Amino acid sequence: MGGSAKKEASYADVLNAPPNKIAEIIHGELVLSPRPAGPHTAAATALTGEIGPPFNRGRGGPGGWIILAEPELHLDRDVLVPDLAGWRRETMPVVANEPYFQIRPDWICEVLSPSTERYDRAAKVALYAAAGVAHAWLVNPLQRTLEILRLSSATPGEWSAIGVHRDEAKVRAEPFQAVELDLSILWRDVQL
């Protein structure tokens, strides 16, 4: 006899998740993750502080973006919460008064941690590509790396690896290459 079919998660499952968890629906499955730990939070906050002023506000850079921390994205049947997401103002000129976003971002950043890397690196990155997100960054504060991915123009729904940078590298990482990013700032407050 075959096993019973697994019930597909619904948005009600996300809303009823424990408040100390991040709830996502990935390929129909409810995935609960712990709130980010110290290294994860420090790196995400530092990155926001570096790219926010020149791109979100236009201070010391070109502006033209809306960059948000932990937005809830509804991409087809999946509910995803990247650590950071950015929309070019042509894509999303203002933030609507809604509890979640249905407009796909132009850039996402996942800060990898031992408890979330398995989903972030595989299932979530693939779903972002399928939704047409043009750029993805994977930041690992414990390994001190930044991986840069661009949506492939040759193969729809797949990523092209642009580069992996580490430690104290200074990089111009697309789509924010107008400003040099000093990676050491992302790990400065992280104790290994």
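Details of the structure are given in the entry above.
Reading the values: the criteria
- Residues numbered from 1 in each chain as written.
- Predicted model: local features only at pLDDT ≥ 70, side-chain atom pairs only at ≥ 80, totals over all residues.
- Heavy atoms only, no water.
- Pairing = 2+ DSSP bridges.
- Helix = DSSP H or I, 4+ residues; strand = E, 2+ residues; numbered from the N terminus.
- Axes fitted to C-alpha atoms, helices over the stretch in contact; angles between N-to-C directions.
- Contact = heavy atoms within 4.5 Å.
- Polar contact = N/O pair within 3.5 Å; in protein donor to acceptor, adjacent residues only side chain to side chain.
- Salt bridge = Lys/Arg side-chain N within 4 Å of Asp/Glu carboxyl O.
- Buried < 20%, exposed > 50% of the residue type's maximum accessible area, 1.4 Å probe, protein only.
- Phe/Tyr/Trp six-rings, centres within 6.5 Å; stacked < 30°, edge-to-face > 60°.
- Expected span 1.5 Å × (residues − 1).
- Bend = angle between axes of the 7 residues up to and from the residue.

Things to note about the sheet that holds strand 9 (residues 145-151)
The pairing of strands in a sheet comes from backbone hydrogen bonds and takes either a parallel or an antiparallel form. Pairing is mixed across the open sheet formed by six strands, whose spatial order is 3-6-7-8-9-10. The open sheet has two edge strands, strand 3 (65-69) and strand 10 (159-166), and neither has a second partner. The sheet shows a mean angle of 15 degrees between the axes of neighbouring strands, taken without regard to direction. Sheet topology note: the strand 3/strand 6 (residues 84-88) ladder contains five bridges and is antiparallel. Looking across to strand 6, one finds that Ala 69 is bridged to Leu 84. On the sheet, helix 2 (residues 38-57) packs against strand 3, strand 6, strand 7 (107-111) and strand 8 (135-140) and is oriented at approximately 165 degrees with respect to strand 3.

Re the side chain of Ser 152
Mapped onto the fold, Ser 152 is located in the loop between strand 9 and strand 10. The residues contacting Ser 152, other than those within four sequence positions of it, are Glu 158, Trp 159 and Ser 160.

Some points on the side chain of Asp 182
Position of Asp 182 relative to the elements: it lies in strand 12 (residues 181-182). In terms of polar contacts, Asp 182 uses its side chain to reach the side chain of Ser 184, at 2.7 Å.

Focus: the pattern of salt bridges
With the rule as written, the count across this model stands at eleven salt bridges. A salt bridge links Lys 124 to Glu 24, with the shortest nitrogen-to-oxygen separation between them at 2.7 Å. On the criterion of sequence distance, the pair formed by Lys 124 in helix 3 (residues 117-131) and Glu 24 in strand 1 (residues 21-26) is long-range, its members being 100 residues apart. On the accessibility criterion, Glu 24 (4% relative accessible area) is buried. Close ionic contact of Asp 120 with Lys 124 constitutes a salt bridge, the shortest N to O distance being 3.5 Å. Residue Asp 120 and its partner Lys 124 are both found in helix 3; the two are separated by four residues, about one turn of the helix. One salt-bridge network, held together by shared partners, links Glu 24, Glu 110, Asp 120 and Lys 124.

Thoughts on the pairing of strand 7
Regular strands have side chains that alternate between both faces of the sheet. The buried count for strand 7 comes to five of five residues, which makes it a mostly enclosed element. Residues of strand 7 alternate between two faces, with Trp 107, Cys 109 and Val 111 on one and Ile 108 and Glu 110 on the opposite face, all of them buried. Pairing of strand 6 with strand 7, which is carried by three bridges, proceeds in the antiparallel orientation. In the strand pairing of strand 7, Ala 85 is matched with Ile 108. When strand 7 meets strand 8, the two strands line up parallel, connected through five bridges. Opposite Val 111, over in strand 8, you have Val 139 as the bridge partner.

Quick word on the packing of aromatic side chains
Summed over all chains, the structure comprises seven aromatic pairs. Between Tyr 11 and Tyr 100 the ring centres are 5.6 Å apart and the planes differ by 70 degrees, which places this aromatic pair in the edge-to-face class. Taken as a pair, Tyr 11 in helix 1 (residues 11-15) and Tyr 100 in the loop between strand 6 and strand 7 lie far apart in primary sequence, 89 residues in all. Under the relative-accessibility criterion, Tyr 11 is labelled partly exposed at 25%.

What about helix 3?
Its 15 residues place the ends of helix 3 20 Å apart at the C-alpha level, agreeing with the 21 Å of an ideal helix rising 1.5 Å per residue. Along helix 3, the largest kink reaches about 35 degrees and is centred on Lys 124. Of all the positions in helix 3, only Tyr 119, Asp 120, Ala 123, Lys 124, Val 125, Leu 127, Tyr 128 and Ala 129 are classed as buried. Gly 132 sits one or two residues past helix 3 and shows a positive phi near 95 degrees.

Read these as spatial facts, not as claims about activity.
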